[in-house]
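Structural features, examined
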Amino acid sequence: MQRPNVHIQIFEKSDKLLSKVKISGGGRCNVTNHCLENSELIKNYPRGRKELVQVFAQFSVEQTIAWFLQNGVTLVTEEDGRMFPKSNNSDTMVQCFLNLAKKHNISILTKCEVFAIQKHQHFILKTSQGVFEADALICAAGGHHKSGAYDWIKNLGHKIDAPIPSLFTFNLPHSNIKKELQGISVANAKVSVQKTKFNYEGPVLITHWGLSGPAVLKLSAFAAKEFNDLNYLATILVNWVHPFTIEETEAELKKIQAAKHKASPFSNPAFHLPKRLWDFLCEQADIDKQKPWAEISLKHIRKLALLLQQSEYKMEGKTTFKEEFVTCGGVNLKEVDFKTMQSKIIPKLYFCGEVLNIDGITGGFNFQNAWSTAWVAAKSIHLNN
Ligand SMILES: Cc1cc2nc3c(=O)[nH]c(=O)nc-3n(C[C@H](O)[C@H](O)[C@H](O)COP(=O)(O)OP(=O)(O)OC[C@H]3O[C@@H](n4cnc5c(N)ncnc54)[C@H](O)[C@@H]3O)c2cc1C
């Protein structure tokens, strides 16, 4: 409920509002994820997991779904848990917010960049359209890949954790898989970074520049800092037959050998792998195309098992979508009270969304962070001012 004597003003530096909502989810807007247990939900955040416990306790996924419904947007769930507006069009989301802004007489200034903020008795905002005063302020400036973009927040006394990209795909410029296998996907592979503890499972896609797909994006998010430290040069291991272990893979290959001894290994892909990938790995294992299974030596079977289990790919660089898909880094979380989203340094200054050092994996989790932190900040301002 908005108080009649309260005036809300939005400052937007670009010429349009909600541009990320508009382009999100390929124009469909993946609003949230049907993950209703908060203890499960927080597992999707490489950064901010502990802090979000307090936030989601106040505004959960269930409350988000109900909030959108109350405001005219029905959300539907896809098989993998991702939720979209029933219209399948992000314009529905944009329109919902614009209608609410109109209903509550919220003023919107576009092409109005906030350059500096000073706190005296009130906040003084220096913007590209002049100076404004405010009693309370929510900073919802989003993520940015350049640390200079946070200077105006830093100048208020807040610590900024250096921004680096999260959610990127792996470039393999010197691997022949991108040339020979692009377009292939494996439903449940496991990807890991050699000599680290990081490994994630899920669909993996081979693209014309390297490796992509949900498991790769998840690994990029959880190991974002480590990849940055390695300057995006790393050895990636892929288990194409996850959850099989090396022993199980070898045993399975021997079983196939016994059952199909007259057939060529090339004729029948095992483990439900795409034929092109199976043939490629058989070739890499130096298996003779002319020979039947019966004549394949144990040495070659072991080599194939190892390739199925632990193919090595040299990552040299990353690819992000439309600049950085999501930013790892931002306002340091220790300086924010997550019961209210209020700054611990400057009273009546609130933060929400990606400007904080919080980011999620793909699947609607980044917007859920934005909705929940925004709701808590708005409620706190309503109660405290
Ligand atoms: C291509 C793409 C697709 C995505 N798809 C999804 C998806 O489907 N689901 C999902 O959960 N997440 C998705 N994300 C991530 C999601 O869009 C962001 O996490 C989310 O938009 C963050 O919301 P926010 O309000 O914190 O920041 P933003 O949406 O970035 O909004 C911040 C706004 O503040 C303005 N601003 C910044 N600085 C200033 C200043 N100094 N003065 C005035 N204005 C300023 C910016 O211009 C911007 O409009 C996607 C991201 C990208 C890039």
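Here, residues in each chain are numbered from 1, in the same order as that chain's written sequence. Per-residue local features of the predicted model are confined to residues with pLDDT of at least 70, and side-chain atom pairs are confined, for both listing and counting, to 80 or more; whole-chain, interface and lining totals are unaffected and use all residues. As a convention, hydrogens and water are excluded, and side-chain values are obtained from all of the structure's heavy atoms.

**Concerning the sheet that holds strand β12 (residues 185-193)**
- Two strands are said to pair when DSSP picks up at least two bridges between them. Elements are defined by DSSP. Helices are runs of H or I of four residues or more, strands are runs of E of two residues or more, and each kind is numbered from the N terminus. Spatially, the 7 strands line up as an open sheet ordered β16-β15-β12-β13-β14-β11-β17, and their pairing is antiparallel. Each of the sheet's edge strands pairs with one partner strand only, and the pair in question is β16 (311-316) and β17 (318-319).
- As judged from the 4 bridges shared by β12 and strand β15 (residues 233-239), these two strands associate in the antiparallel manner. Opposite Val191, over in β15, you have Val238 as the bridge partner.
- Along the sheet, helix α8 (residues 214-222) makes contact with β11 (169-171), β12, β13 (199-206) and β14 (210-212), crossing β13 at roughly 130 degrees. Contacts were defined at the residue level, with two residues in contact if any of their heavy atoms lie within 4.5 Å. For helices, the fitted axis covers only the stretch in contact; all axes are lines through C-alpha atoms, and the angles between them, taken along N-to-C directions, range from 0 to 180 degrees.

**What about the site of the ligand?**
- Surrounding the ligand, one finds 23 residues, the nearest of these being Glu12, Asn30, Val114, Glu354 and Phe367.
- Nitrogen and oxygen atoms within 3.5 Å of one another constitute a polar contact, given that in protein one can donate a hydrogen and the other can accept it, and given that sequence-neighbouring residues count only through two side-chain atoms. A distance of 2.5 Å is found between an oxygen atom of the ligand and a side-chain nitrogen or oxygen belonging to Glu354.
- Here the ligand loses 86% of its free accessible area of 990 Å² to cover by the protein chains.
- Sorting the residues of the shell around the ligand by element identifies α1 (19-27) and α13 (365-384) as the ones contributing at least two each. If a single non-hydrogen atom of a residue is within 4 Å of a molecule or strand, that residue counts as near it. Residue burial considers only the protein chains on display, and all accessible areas are found by Shrake-Rupley using a 1.4 Å probe.

**Here we look at the packing of helix α3 (residues 49-58) against α13**
- At a minimum axis distance of 9 Å, the contact between α3 and α13 shows a crossing angle of 70 degrees. The orientation of α3 with respect to α13, classified from their angle, is roughly perpendicular. Of the residues in α13, those touching α3 at Leu52, Val55, Phe56 and Gln58 are Gln368, Asn369, Ser372, Thr373, Trp375, Val376 and Lys379.
- Here the residues of the contact of α3 with α13 are counted per class, giving 5 nonpolar, 5 polar and 1 charged. An angle below 35 degrees is treated as roughly parallel, one above 145 as roughly antiparallel, one from 65 to 115 as roughly perpendicular, and anything else as oblique. Note that Gly is not counted as nonpolar here; it falls among the polar residues with everything else outside the nonpolar set of Ala, Val, Leu, Ile, Met, Phe, Trp, Tyr, Cys and Pro and the charged set of Asp, Glu, Lys and Arg.

**Topic: the side chain of Thr169**
- Structurally, the position occupied by Thr169 is in strand β11.
- Engagement of the side chain of Thr169 in a polar contact is seen with the side chain of Trp209, the distance being 2.7 Å.

**Structural notes on the side chain of Thr235**
- Tracing the sequence through the fold places Thr235 in strand β15.
- Side chain to side chain, Thr235 and Lys314 meet in a polar contact 2.7 Å long.
- Residue contacts for Thr235: discarding those within four places in its chain leaves Ser192, Val193, Gln194, Glu312, Tyr313 and Lys314.

**Re the sheet that holds strand β6 (residues 114-119)**
- If you trace the 3 strands from one edge of the open sheet to the other, you get β6-β7-β8, paired in antiparallel fashion. Strand pairing shows two members of the sheet lacking a second neighbour, β6 and β8 (130-134), which therefore form its edges. Recorded for the sheet is a direction-independent mean angle of 20 degrees between the axes of neighbouring strands.
- Here strand β7 (residues 123-127) pairs with β8 via 5 bridges, running antiparallel. Paired with Leu125 across the strands is Phe132, a residue of β8.

**As for the packing of aromatic side chains**
- Classification of ring pairs uses Phe, Tyr and Trp, with its six-membered ring standing for Trp, and accepts pairs whose centres are within 6.5 Å; under 30 degrees between planes counts as stacked, over 60 as edge-to-face, and the remaining range as tilted. One pass over the full model with this rule turns up 17 aromatic pairs.
- Counting every residue linked through ring pairs, the aromatic cluster contains Trp67, Phe68, Phe97, Phe367 and Trp371.
- Over a ring means this: the NZ of a Lys or the CZ of an Arg is within 6 Å of the ring centre and within 35 degrees of the ring normal. Over the face of the ring belonging to Phe84 we find Arg28, whose NZ or CZ atom lies 3.8 Å from the ring centre.
- Its guanidinium or amino end placed over the ring of Phe266, Lys289 lies 5.4 Å from that ring's centre, counting from NZ or CZ.

**What about the domain arrangement of the chain?**
- What the domain assignment lists for the chain is domain 1 (9-165 + 326-384), domain 2 (166-242 + 315-319) and domain 3 (246-312).
- Note that the domain bounds reflect an automated or database-derived domain assignment. Spacing between the C-alpha centres of domain 2 and domain 3 amounts to 23 Å.
- On the side of domain 3, 14 residues touch domain 2, which itself brings 16 residues to the contact.
- Put simply, buried area is the surface a 1.4 Å probe can reach on two separate parts but cannot reach once they are joined, added for both. Interface area, domain 2 with domain 3, both sides summed: about 1,300 Å², of which 64% is carbon and sulfur.
- One can count 4 residue pairs in polar contact (both at pLDDT 80 or more) joining domain 2 with domain 3.
- Residue assignment for the side of domain 2 that touches domain 3 shows that the elements contributing at least two residues are α7 (177-181), β12 and β15.
- Tallied by class, residues from the side of domain 2 that touches domain 3 come to 9 nonpolar, 6 polar and 1 charged.

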